[in-house]
Amino acid sequence: MLFLKRLTTILVMVYLLLALLFIFSQAARDTFASAIGLGTEPAAFYYTLFVTGVVLLAALLIVENIDSVLLRRSVTQHEGKINELKARLYDHQLEQRERDFQQRPGTVPGTTTYPDEIVMTPTPGAPVGSIPRRPVFPQEDPSLSNAPLEKPNTIIPPANDADNSTTR
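Cut-off values and rules
Residues numbered from 1 in each chain as written. Predicted model: local features only at pLDDT ≥ 70, side-chain atom pairs only at ≥ 80, totals over all residues. Heavy atoms only, no water. Helix = DSSP H or I, 4+ residues; strand = E, 2+ residues; numbered from the N terminus. Buried < 20%, exposed > 50% of the residue type's maximum accessible area, 1.4 Å probe, protein only. Contact = heavy atoms within 4.5 Å. Areas by Shrake-Rupley, 256 points an atom, 1.4 Å probe, with all protein chains shown as cover. Core = buried A, V, L, I, M, F, W, Y, C linked by side-chain atoms within 4.5 Å. Salt bridge = Lys/Arg side-chain N within 4 Å of Asp/Glu carboxyl O. 1 Å grid on protein atoms, 1.4 Å probe; cavity = no way out; pocket = protein on both sides within 12 Å on 5 of 7 lines; lining within 4 Å. Points joined across faces, edges and corners; volume = space filled by probe spheres on them. Expected span 1.5 Å × (residues − 1).

Peer 1: Would you mind showing me how to read the overall build of the protein chain here?
Peer 2: The helix and strand tally for the protein chain stands at three helices and zero strands. In the protein chain, buried positions account for 10% of the 168 residues. Look at the contacts in the protein chain between residues 6 or more apart in sequence, and 32% of them connect residues 24 or more apart. Accessible surface for the protein chain amounts to roughly 14200 Å². Of this, 64% is attributable to carbon and sulfur atoms.

The following block contains the structure:
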């Protein structure tokens with residue numbers, strides 16, 4: 001198809017150059033017309049030139065449209081193949097995640113598990129052997145929830161004993 005497209009394009013370009021030569025040069029037109037047997041009458045020559053141009057341009061238009069249709073069909077086929085490969089990849093990734101999830105020991109959907117590196121300390125007053133369900137990290141800010149009780153939160157002042165108002 002590419003060869004046919006290039007051939008018609010070259011023929012149209014050569015035709016346009018010859019048509020311009022024949023239009024602007026009367027001597028070239030008369031010599032060419034007598035060589036192909038059209039005589040010296042310019043009307044017959046221009047009519048033949050016009051019909052030849054119409055045929056060549058129609059051929060070029062048809063070849064271009066066929067090439068365009070074939071290219072669009074090829075692109076559609078390639079896009080379909082790409083979509084099929086994407087679907088296979090997605091299915092494979094889902095299967096891999098499912099396999100990885102099933103190979104994990106003791107995981108229950110909807111629960112949070114903590115890694116072994118987190119240090120868990122028992123709460124004061126809890127029975128021996130009980131471990132709290134949230135990790136306790138070393139923190140410098142006394143306003144955080146796991147601050148030691150010896151250092152109360154200094155941001156919130158203590159309430160007065162009589163009217164429960166704050167002192168400043």
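Peer 1: I keep staring at the nonpolar core and nothing clicks. Help me out?
Peer 2: Looking at soluble globular proteins, one finds that nonpolar side chains tend to be buried together. In this structure, Val12, Tyr15, Ala19, Phe22, Ala33, Phe45, Leu49, Leu56 and Leu60 together form the largest nonpolar core, which totals nine residues. Broken down by secondary-structure element, the contributors of at least two residues to this core are helix 1 (2–24) and helix 3 (42–103). Here Leu49 is in contact with Tyr15, Ala19 and Phe22, once residues within four sequence places are set aside.

Peer 1: What exactly am I supposed to notice about the pattern of salt bridges here?
Peer 2: Any two side chains of opposite charge can pair if their charged atoms end up close together. For the structure on display, the rule yields four salt bridges. Across the salt bridge formed by Lys5 and Glu64, the nearest N and O atoms sit 4.0 Å from each other. Within this pair, whereas Lys5 is found in helix 1, its partner Glu64 is found in helix 3, the two being separated by 59 residues in sequence. Residue classification places Lys5 among the partly exposed positions, given a relative accessible area of 23%. In the salt-bridge network here, residues are joined through shared partners; they are Lys5, Glu64 and Asp67.

Peer 1: Which parts of the structure should I look at to understand the layout of surface pockets?
Peer 2: Rolled over the atoms, a probe sized like a water molecule indicates the empty space that remains. Of the voids in this model, the second largest pocket is the one considered here, and its volume is about 200 Å³. Taken together, 13 residues line the second largest pocket, and the ones lying closest to its centre are Tyr15, Leu18, Phe32, Leu49 and Thr52. For the lining of the second largest pocket, the secondary structure elements donating two or more residues are helix 1, helix 2 (26–36) and helix 3.

Peer 1: Help me understand helix 3 in this model?
Peer 2: It helps to recall that an α-helix has 3.6 residues per turn; residues three or four apart then point in one direction. For helix 3, spanning 62 residues, the distance from its first C-alpha to its last is 90 Å, which sits close to the expected 92 Å at 1.5 Å a residue. Phe45, Leu49, Gly53, Leu56, Leu60, Val63 and Asp67 are the residues of helix 3 that are buried. Looking at the buried residues of helix 3, the elements they touch are helix 1 and helix 2.

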